[in-house]
Amino acid sequence: MTTKTATISHAQSSKSDVKRLVKAMTAIAWSVLGIGVLLCLVNLSHFSDQNVGLMVGIGFLIGSVHIYVIGTAIGLVHARLHQEQPPTSFEDN
């Protein structure tokens, strides 16, 4: 049995890709929040744990917060990573 290894020395995503990802996740979080609010309002008449529509709506509300937090964390981690690392040059010696 042999093992193949590969080394990636300078694999970094560009700043605009991360910004686009954060903006996309924020937009998804807001849309999921809207769907959750809509489901909760439509199914609010029978307030019970047996009401599947209401429970799904509450799940969407909670899920939207998680999506937003994960997107924000990705942006913050990426900003901190670029803040601590000095810029590298790609010159051959």
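None of the values given here were measured: they were computed from a predicted structure.

J.: Which residues make up the overall build of the protein, and what values go with them?
T.: A tally of helices and strands in the protein yields two helices and zero strands. When each of the 93 residues of the protein is scored for burial, the buried share is 16%. For the protein, restricting intrachain contacts to residue pairs at least 6 apart in sequence, the fraction spanning at least 24 positions comes to 65%.

J.: Could you give an account of the environment of G59, naming the residues involved and the relevant values?
T.: One can find G59 in helix 2 (residues 52–84). Of the residues examined, G59 reaches a relative accessible area of 39% and is grouped as partly exposed. Each C-alpha atom, one on G59 and one on L33, is 9.7 Å from the other, the two residues being 26 residues apart in sequence.

J.: Describe in detail helix 2, supporting the description with residues and values.
T.: For helix 2, spanning 33 residues, the distance from its first C-alpha to its last is 48 Å, which sits close to the expected 48 Å at 1.5 Å a residue. Structurally, helix 2 contributes buried residues whose contacts are with helix 1 (15–42). The N-terminus of helix 2 is capped by N51, whose side-chain oxygen sits 3.4 Å from the backbone nitrogen of G53.

J.: Account for the packing of helix 1 against helix 2, with residues named and values stated.
T.: One way to put it is that helix 1 packs onto helix 2 with a least axis distance of 8 Å and a crossing angle of 165°. Looking at the two axes, helix 1 sits roughly antiparallel to helix 2. Here helix 1 runs over helix 2; the crossing is left-handed. The class makeup of the residues in the contact of helix 1 with helix 2 is 21 nonpolar, eight polar and one charged.

J.: Would you mind going over the side chain of N51 in detail, with residue names and values included?
T.: Of note, N51 is situated in the loop between helix 1 and helix 2. By relative accessible area, which is 12% here, N51 ends up buried. Looking at N51, its side chain comes within polar contact range of the main-chain nitrogen of G53, at 3.4 Å. Leaving out residues up to four positions away in the same chain, N51 has contacts with N43 and H46.

What counts and how
Residues numbered from 1 in each chain as written. Predicted model: local features only at pLDDT ≥ 70, side-chain atom pairs only at ≥ 80, totals over all residues. Heavy atoms only, no water. Helix = DSSP H or I, 4+ residues; strand = E, 2+ residues; numbered from the N terminus. Buried < 20%, exposed > 50% of the residue type's maximum accessible area, 1.4 Å probe, protein only. Contact = heavy atoms within 4.5 Å. Expected span 1.5 Å × (residues − 1). Polar contact = N/O pair within 3.5 Å; in protein donor to acceptor, adjacent residues only side chain to side chain. Axes fitted to C-alpha atoms, helices over the stretch in contact; angles between N-to-C directions. Parallel < 35°, antiparallel > 145°, perpendicular 65-115°, else oblique. Left-handed = near helix turned anticlockwise from the far one by under 90°. Nonpolar A, V, L, I, M, F, W, Y, C, P; charged D, E, K, R; others polar.

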